[in-house]
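# Tertiary structure, described
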Amino acid sequence: MVATPRDDRQTPPEYHPTAVIDLRETWRIGPVEVPTRLVLAPMAGVSVQAFRRQGRRYGAGLVCSEMVSCAGIEHRNEKTLGYLRVASDEHPLAIQLFGSEPGPMADAARMVEAVGADIVDVNFGCPVKKVTKTGAGAHLLADQDRACRIVHAIAGAVGVPVTVKLRRGVQNGSRAALELGPKLVESGAASLTLHPRSAQQMYTGTADHALTAELVSLVDVPVVASGDVTSRARAHSVLATTGAEAVMVGRGAQGNPWALREIVDGETTEPTREEVAAELVLFVRETVRELGERRASGFLKKFYGWYLGRGRFPKEFKQELLQLDSSEEVERRLLAAAPGAFEIVERLEAEVPSGAELTLELPVSIYGGG
């Protein structure tokens, strides 16, 4: 569904929370068709290819890379760079950039377009100090002229849509997003994602989606609502009361792709232990293929708790996995704990494209995300 221009940009339109909203309805960001109204958030230290591909399988219509440093792309700094790979089953895919200078950001955007990104997303929301102190991320909410020049430069450099993810402002109670959002659209942004917390809040408190509704009323491009969307009921409520085109889900999907399925399809059946173990085994294999055994070993540890928590496995079992020395040992232990998972893993591997179908390698930042 394409967002239509709104004549009245002063007062948020009326929406009806009881309206039935089809989360399987398609919508567009420029020429890019997004097959569901659910977007999987870009999250630093989380949004590797395995996470994104899993998200697509469970209903995310659009997936996003974690923040990519334009300086990292330019300088190939091995201390802060990993490698991002894009697979054929990830599209549509947004690659998110951060930086503070229009020229280098435009150059980085050209590169990510050339290697297959469907959308170039710009991060104006990251509250982490090591990002903001460089003039990037949420710092640009307070430097609106520079923010607009960055978007204008990127939009002029690439042929794919340019989108922006932003917070409400730097300080609590700020309404900077409402002033900046229309300017970014004028500068070339084809869509905006609003996380209506301040940078000062980080992830505390609640997301103020009344602000999202106001932003929707001010722009004639699709707005994605981000923050505190943890269930199908909440997704319906946010969409109905804000007029946003889609919702973005982040932390709720960590180690829990079934949350995406519940939001999109209303499937409330809890996964079996075998299903949980199988998805974790596949995730481990995919991550090791992507990052290598040494790097993946440390990266995966947080995922064990995310997958195995929620009462799915005893706490002692997670601790046991953390003590193991290799991914092969982790896999063997998971399959021993849930023998039925082996057949599920075989089926999943037969269904998903193999590593040979990768199309991209790209340096990425290891900094935090917004």
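Anything mentioned here points back to the structure above.
Residues numbered from 1 in each chain as written. Predicted model: local features only at pLDDT ≥ 70, side-chain atom pairs only at ≥ 80, totals over all residues. Heavy atoms only, no water.

## Some points on helix α10 (residues 273-291)
Side chains that are three or four residues apart share a direction in an α-helix, a result of its 3.6 residues per turn. The line we're drawing: Working definition: helices are DSSP H or I runs of at least four residues, strands are E runs of at least two. Numbering for both runs from the N terminus. Every helix has an expected span of 1.5 Å times one less than the residues it contains. Relative accessibility under 20% of the residue-type maximum defines a buried residue, over 50% an exposed one, and the middle range a partly exposed one, all with a 1.4 Å probe and only protein chains included.
Its 19 residues place the ends of α10 26 Å apart at the C-alpha level, agreeing with the 27 Å of an ideal helix rising 1.5 Å per residue. Extensive coverage of α10 is indicated by the burial of 14 of its 19 residues. A positive backbone phi angle near 90 degrees is found at Gly292, which sits one or two residues after α10.

## Overview of unusual backbone geometry
In this chain, His91 is followed by Pro92 through a cis amide linkage whose omega measures 0 degrees. By the element assignment, Pro92 lies in the loop between β6 (81-84) and β7 (93-98). Residue Met202 is not a glycine yet carries a positive backbone phi of 55 degrees. By secondary structure assignment, the location of Met202 is in the loop between β10 (191-198) and α7 (209-218). Positive phi values are uncommon outside glycine, yet Asp228 reaches one of about 65 degrees.

## Observations concerning the pattern of salt bridges
Any two side chains of opposite charge can pair if their charged atoms end up close together. To keep it simple, the criterion reads: Each reported salt bridge corresponds to a side-chain nitrogen of Lys or Arg within 4 Å of a carboxyl oxygen of Asp or Glu.
Counted according to the given criterion, the structure contains 20 salt bridges. Of the charged contacts in the structure, one is a salt bridge between Arg168 and Asp208, with a shortest N-O distance of 3.3 Å. With a gap of 40 residues between them, Arg168 in strand β9 (residues 162-169) and Asp208 in the loop between β10 and α7 connect regions that are remote in the sequence. Overall, Arg168 belongs to the buried group, its relative accessible area being 9%. For Arg347, the salt bridge is made with Glu351, and the minimal N-O distance between the two is 3.6 Å. Placement of both Arg347 and Glu351 in helix α14 (residues 341-351) is noted, with a separation of 4 residues, approximately one turn of the helix.

## So, the packing of helix α1 (residues 49-57) against α10
Helix-helix packing is characterised by the crossing angle of the two axes and by the distance between the axes. Which entries qualify depends on this criterion: Only C-alpha atoms enter the line fits that serve as axes; for helices the fit covers just the stretch in contact. Angles between N-to-C directions range over 0 to 180 degrees. In what follows, roughly perpendicular refers to angles from 65 to 115 degrees, roughly parallel to angles under 35, roughly antiparallel to angles over 145, and oblique to any angle outside these ranges. The contact criterion used is simple: two residues touch if any of their non-hydrogen atoms lie within 4.5 Å. Any residue outside Ala, Val, Leu, Ile, Met, Phe, Trp, Tyr, Cys, Pro, Asp, Glu, Lys and Arg is labelled polar, Gly included; the first ten of those are nonpolar and the last four are charged.
Interhelical geometry of α1 versus α10 gives an angle of 140 degrees and a closest axis separation of 8 Å. Accordingly, the angle class assigned to the pair α1 and α10 is oblique. Contacts between α1 and α10 involve Gln49, Ala50, Phe51, Arg53, Gln54 and Arg57 on the former and, on the latter, Glu279, Leu282, Phe283, Glu286, Thr287, Arg289 and Glu290. For the contact of α1 with α10, the per-class residue count stands at 4 nonpolar, 3 polar and 6 charged.

## Quick word on the pairing of β7
Convention followed: Pairing between strands is defined by DSSP: at least two bridges between the two strands are required.
Counted residue by residue, β7 has 6 buried out of 6 residues, so it is predominantly covered. Burial along β7 is two-sided: the residues Leu93, Ile95 and Leu97 and Ala94, Gln96 and Phe98 are all buried. Both strand β4 (residues 62-64) and β7 contribute to a ladder of 2 bridges, which runs parallel. Across the sheet, residue Val63 finds its bridge partner in β7, namely Leu93. With 2 bridges joining them, strand β5 (residues 68-69) and β7 adopt parallel strand pairing. Residue pairing across strands places Val68 opposite Leu97, the latter belonging to β7.

## A look at the packing of α10 against helix α11 (residues 293-308)
Worth spelling out the cut-off: Crossing handedness is read from the near helix: turned anticlockwise from the far helix by less than a right angle, it gives a left-handed crossing, and turned clockwise, a right-handed one.
Contact geometry for α10 and α11: axes closest at 9 Å, N-to-C directions at 160 degrees. Taken together, α10 and α11 sit at an angle that is classed as roughly antiparallel. For the element pair α10 and α11, the recorded crossing hand is right-handed. Contact residues: Val276, Glu279, Leu280, Phe283, Val284, Thr287, Val288 and Leu291 in α10; Glu293, Arg295, Ala296, Phe299, Leu300, Phe303, Tyr304, Tyr307 and Leu308 in α11. When the residues that make up the contact of α10 with α11 are grouped by side-chain class, the tally is 13 nonpolar, 1 polar and 3 charged.

## Description of the packing of aromatic side chains
Put simply, the test is: Ring geometry is summarised as follows: Phe, Tyr and Trp rings, the Trp one being its six-membered ring, pair when their centres sit within 6.5 Å, and such pairs are stacked at plane angles under 30 degrees, edge-to-face over 60 and tilted between the two.
Enumeration according to the criterion identifies 6 aromatic pairs in this entry. Here the aromatic rings of Phe303 and Trp306 are separated by 4.9 Å at their centres, their planes lie at 80 degrees, and the arrangement is edge-to-face. Within this pair, Phe303 and its partner Trp306 are both found in helix α11, separated by 3 residues, close to a single helical turn. With relative accessibility at 0%, the residue Phe303 sits in the buried group.

## Things to note about the environment of Ala71
Structurally, the position occupied by Ala71 is in helix α2 (residues 70-75). In this structure the C-alpha to C-alpha distance between Ala71 and Met105, which are 34 residues apart in sequence, comes to 8.3 Å.

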